[in-house]
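So you can see what is in the structure, the chains are spelled out below.
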Amino acid sequence: MGHPVVAIAIVFVSAAIAMAASSQYSHHPLDPLTATEITAVRAAVLASPLVPARPLFFHYVGLDEPDKPDVLSYAYGAADAAATSSQMTLPRRAFVIARAGGQSHEFTVDITADNASVLSHAVHRGPGFPMFTDEEQIAAMALPYTYPPFVESVRRRGLDVGEVGCGVLSRGWFGAEQPAYGGARVAKMKCVVVDYNATANIYARPVEGVVMVVDLDQMAIIGYRDRAVFAVPKAEGTDYRADKVGPPFTGPAAPPGVFVQPEGRGFHVYGHLVKWANWEFHVGFDMRAGTVISLASVNDTDAGGLQRRVLYRGFVSEIFVPYMDPEEEWYFHAFTDAGEYGLGALASQLQRGADCPANAIYMDSYYAGSDGKPVKAEDVICLFERYAGDVAWRHTNGIGLGGLFSEVRPDVTLVVRMVVTVGNYDYTLDSEFKTVGSIKIVVSLSGILEMKAINYTHVDQIREDTHGTLITENTIGVYHDHFVTYHLDLDIDGTRNSFIKNNIVPKRNTGVRATGGAPTPRRSYWTVLYEVAETEAEGQVNINSAPADLLFVNPSKKTKIGNEVGYRLIPTGATATSLLADDDYPERRASYTKKQVWVTPYNKSEKWASGLYAEQSTGDDNLAAWSKRYVSMT
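Conventions and cut-offs
- Residues numbered from 1 in each chain as written.
- Predicted model: local features only at pLDDT ≥ 70, side-chain atom pairs only at ≥ 80, totals over all residues.
- Heavy atoms only, no water.
- UniProt positions renumbered as here; feature names shortened; annotations may be inferred.
- Disulfide = S-S within 2.5 Å.
- Helix = DSSP H or I, 4+ residues; strand = E, 2+ residues; numbered from the N terminus.
- Buried < 20%, exposed > 50% of the residue type's maximum accessible area, 1.4 Å probe, protein only.
- Domains from an automatic or database assignment.
- Contact = heavy atoms within 4.5 Å.
- Buried area = accessible area lost by both parts, 1.4 Å probe.
- Salt bridge = Lys/Arg side-chain N within 4 Å of Asp/Glu carboxyl O.
- Polar contact = N/O pair within 3.5 Å; in protein donor to acceptor, adjacent residues only side chain to side chain.
- Pairing = 2+ DSSP bridges.
- Axes fitted to C-alpha atoms, helices over the stretch in contact; angles between N-to-C directions.
- Core = buried A, V, L, I, M, F, W, Y, C linked by side-chain atoms within 4.5 Å.
- Patch = residues over 30% accessible without salt bridge, like charges linked within 9 Å, V, L, I, M, F, W, Y side chains within 5 Å.
- Areas by Shrake-Rupley, 256 points an atom, 1.4 Å probe, with all protein chains shown as cover.
- Phe/Tyr/Trp six-rings, centres within 6.5 Å; stacked < 30°, edge-to-face > 60°.
- Lys NZ or Arg CZ within 6 Å of the ring centre and 35° of its normal.

The name an unreviewed UniProt entry gives the protein chain is Amine oxidase, with Oryza glumipatula as the organism. Its UniProt record, at the heading Sequence similarities (unreviewed entry), says of the protein chain: "Belongs to the copper/topaquinone oxidase family."

Below, the structure is given as C-alpha cells:
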C-alpha cells in the first residue's frame, strides 16, 4: 500500500510529509508542462487523423507522469545504485481530454522528442463529462441577452437586460428524475444584477426564480423556467470594497511593519525543486489540482545526512460543495470544484505583499485553453518563510545542581501557497513545512456568500424552513458544506507501508500489576490497542467515531529500540462527514465524504476522488467505488 487519500472538512488537516534534489537543476520528470510542450501537444492532437470531427476543444491537458518506480529510481537511484538521476532519461508524456463530435476523446501524447506524437487514443463511453472550459462558459453567458423569454423575465422584475449577468452552473446527476435532454452535455444558468457602481457584491443581488438549461456542445439554450418573481435585494450595504465600508472591516488599521531577512532567504529553488532547512521537495502544477507537492524527503542528521522519503505525491483531489436547499432553483447546487471547474485553471494571480509577504518568491505556470494554446498563469504559487513568534519546543528545568534554565526553539516554517477563486469563494491552500519534520496542510476560506432572494424582510415573518439564514432584507445565506479531499501518496522510508490505528481504549483498574507491587486506589485508565489495517474497509476512518492515533509506518524499518518508523496523521480541528442520505444523488456522487480517511492500495490511475469525469458523474467511478474493488491491502 502507500496511497492514502484523506478527506478533510473545510478548514485543515495536519499530515507529516517530506524529498531529494540535486544542486544543479535539470528538467525533472515531474515538472509541469511548459508553454512549448503544450503547443507541441496541441499540434500533435490536431494533426492526428484519429478524430476527424471538428471543431475540437481541449478540456484537460496535464502531465502523464512516468511510472512511479521509474521516478523513484530517477530521484533516489536504483536499488543497486546503478542508475542515478544524471544517468536516466524518462519519457515525457501528456494526457489530454478533448471534445469533438459530441464525444470525449482521450489522448496520450509523447513529447520526449522534438516532434510530439500521439501514442494512444480512446473515446470515453461511460457517464460524466470533462471540466468546463473558460471559453465555453463565456460563450454561454452571452446567450440570455438575445433570448426573448429571459428578456421578458428581466422586464417583469423591473430590470433592464443590460443590468444582468449570468453564470454557468453544473447541473449534477439525478438519475431518471432529471430531464435527460437526449444525453446532451448540458449545464444550468442563473443570473444576478451586475452594477459595479452600486456594489461589487454581485452575488448579493440574485435574479431569483429563473433557471436556464444550456447545451454546451451546441451552445444554445434548450430549457427555460421562470417559476416565480422574488424581490431583488437592494445594493445598499452589500459592497465589500475597502473604500466603501468602515470599521470593523477596514480598521482600526494596525501600524505598518517591515519583514527583514538580513542574511537573505533560507530556502533555494532550482527550477521546481526546493531546498529549505532539512527539507527537499518538488513543486508542480496541474490545471485540475492546482499545486502538486512531490518527492518530499527530510534530511536525517542522526543518520549522516540521509534523505528519508515521506511523500511521493500530494495535492487537492476534490472540493465537494453541496447546498442544503431542495427548491427548484437550488437543489442541483452540489459542486465538485476541481473536477468541474479546475483549481489550477482558476488559480488567482497572487497580490504581492498581500496574499504573500514581502519575503516571498513566486512561480508561474501554464495550462491549455480550449483551443489548446498555452495560457500563462502568472504568480500563482508563492513560497515564503514564516516567523510568526510561535514556539516549536520549549522547556524550563528547575531541578538539579545546574539550577534553573530554559531553552526555547522558535517555530520557523516554509509555506507553499496557492489561492483558488471558484465563483464566489476563495480558497487559500497552504502546505506548511516545519523543521520538526512535519507538514501542516491548511485550507482557509474567504470570499463572499452565494445568496438566495426571498420576499421576507424580517425573521419574524418566517414560518417555514428557508434552508438558510436571513442575513439582510430579502436575502438568505443558504446552508452548505465544503469538503476538501487531499490525495496523499505516502512513502514512509520507502513504498512498503502499513496503516495503523492505535485505538485509545478505557480500562478498569483490576489491581493486578504486570511488574508486581501492591494494589493502588486508581479505578480507571486508558491504554492503546494496536490495529493494522488488512483490508480497505479497515482503512476507512471516521475520525469522530472513537479516539485513535492514525499512523503510517514502514514495518521493515525500525528505530534502534525496535519501534517501526512512521508518521502520524493529526486532525488539528473539528472535522465533519456528510449528513446527506446515502441514496441522495449528490451523496452518491461524493460518497467518500462519509469518512475522512480512506487508505487504498497504490494505483496510478486513481488520482481524482470524484473520478476522471466528475461533471454529471454517477458515483460509479469515485474513491468509495474503488475501495469496493479491493479486499486486501497487499
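All told, the structure shown has 2 disulfides when counted by the stated rule. The disulfide partner of C166 is C191, and the gap between their sulfur atoms is 2.0 Å. Looking along the S-S bond of the C166-C191 disulfide, the torsion reads about 95°, which is the right-handed sense. Taken together, the residues C166 in strand 7 (residues 164-169) and C191 in strand 8 (residues 186-193) connect sequence positions 25 residues apart. Given a relative accessible area of 4%, C191 falls into the buried group.

Before going further, it helps to examine the domain arrangement of the protein chain. As assigned here, the protein chain comprises domain 1 (35-77 + 90-123), domain 2 (134-245), domain 3 (257-442) and domain 4 (496-601 + 603-613 + 621-633). Tallying the contact residues gives 18 residues for domain 3 and 15 residues for domain 4. Between domain 3 and domain 4, the buried area comes to about 1,300 Å², and carbon and sulfur atoms account for 59% of it. When residues of domain 3 are sorted by the area they lose upon contact with domain 4, R288, S317 and F320 head the list and together hold 38% of the total. Where domain 3 packs against domain 4, one counts 1 salt bridge. Its salt-bridge partner being R589, residue E340 comes within 3.2 Å of it at the nearest N-O pair. For the pair domain 3 and domain 4, the interface holds 8 residue pairs in polar contact (both at pLDDT 80 or more).

Now for the sheet that holds strand 24 (residues 475-478). Strand order in this open sheet of 3 strands is 22-24-23, and the pairing throughout is antiparallel. Two strands lie at the open edges of the sheet, namely strand 22 (451-453) and strand 23 (468-472), each paired on one side alone. Between one strand axis and the next, the sheet turns through 40° on average, direction left out of account.

In this section: the sheet that holds strand 5 (residues 103-110). Reading across from one edge, 3-4-5-6 is the order of the 4 strands in this open sheet, with antiparallel pairing throughout. Both edges of this open sheet fall to strand 3 (57-63) and strand 6 (117-124), since each of them pairs with a single strand only. Looking at each pair of strands side by side, their axes are set apart by 20° on average, direction ignored. Where strand 3 lies against strand 4 (residues 93-100), 6 bridges are found, and the strand directions are antiparallel. Bridging from a neighbouring strand, G62 pairs with F95 of strand 4.

By size, the foremost hydrophobic cluster in this structure holds 99 residues, and its most contacted members are F281 and F433. By size, the runner-up hydrophobic cluster in this structure holds 26 residues, among which are L33, I38, L72 and Y312.

This next bit is on the UniProt feature "domain: Copper amine oxidase N3-terminal" (unreviewed entry) in the protein chain. Mapped onto the present numbering, the UniProt feature "domain: Copper amine oxidase N3-terminal" (unreviewed entry) falls at residues 130-230. Counting secondary structure, residues 130-230 comes out at 17% helix and 27% strand; the distance between its end C-alpha atoms is 34 Å.

Positionally, Q540 belongs in strand 28 (residues 540-541). Here the alpha-carbon distance between Q540 and V599, two residues 59 residues apart in the chain, equals 6.3 Å.

Moving on to the pattern of salt bridges. The final tally for this structure, using the stated rule, is 34 salt bridges. A salt bridge links K68 to D491; the nearest nitrogen and oxygen atoms lie 2.9 Å apart. Of the two residues, K68 is situated in helix 2 (residues 68-76) and D491 in the loop between strand 25 (483-490) and strand 26 (498-508); the sequence distance between them amounts to 423 residues. Using a relative accessible area of 7% as the deciding quantity, one classes K68 as buried. The exposure class assigned to D491 is buried, which follows from its relative accessible area of 2%. Linked by salt bridges that have partners in common, K68, R309, D489 and D491 make up one network.

With that settled, the discussion passes to the side chain of K501. Residue placement: K501 occurs in strand 26. Only 3.4 Å separates the side chain of K501 from the backbone oxygen of E538, close enough to count as a polar contact.

Checked against the element boundaries, H28 lands in the loop between strand 2 (12-15) and helix 1 (35-47). Taking the relative accessible area as the measure of exposure, H28 reaches 3% and is therefore buried. For H28, the side chain forms a polar contact with the main-chain nitrogen of L30, separated by 3.0 Å. Excluding its chain neighbours within four sequence positions, the residues that come into contact with H28 are Y74, R92, L273, H282 and L295.

It is worth spelling out a nonpolar patch on the surface at this point. Taken together, I504, W526 and V528 make up a surface patch of nonpolar side chains, about 290 Å² in accessible area. Here W526 is to be found in strand 27 (residues 524-532).

Moving on: unusual backbone geometry. Following R54, the chain continues into P55 via a peptide bond in cis, with omega recorded as 5°. The residue P55 is located in the loop between helix 1 and strand 3 in this model. Look at Y181: it is not a glycine, yet its phi comes out positive at around 50°. Looking at the element boundaries, Y181 is found in the loop between strand 7 and strand 8. Even without being glycine, N474 reaches a positive phi, approximately 60°.

The next thing to look at is the packing of aromatic side chains. Summed over the entire model, instances satisfying the criterion amount to 14 aromatic pairs. Relative to Y341, the ring of F132 has its centre 5.2 Å away and its plane inclined at 65°; by these criteria the two rings are edge-to-face. Placement of F132 in the loop between strand 6 and helix 3 (134-141) and of Y341 in the loop between helix 5 (337-340) and strand 17 (361-368) is noted, with a sequence separation of 209 residues between them. For the pair formed by F132 and Y341, the shared burial category is buried. Here the aromatic residues W173, F174, Y331, F332 and Y585 are joined through ring pairs into a cluster of three or more. The ring centre of W393 lies 4.4 Å from the NZ or CZ of R409, which sits over that ring.

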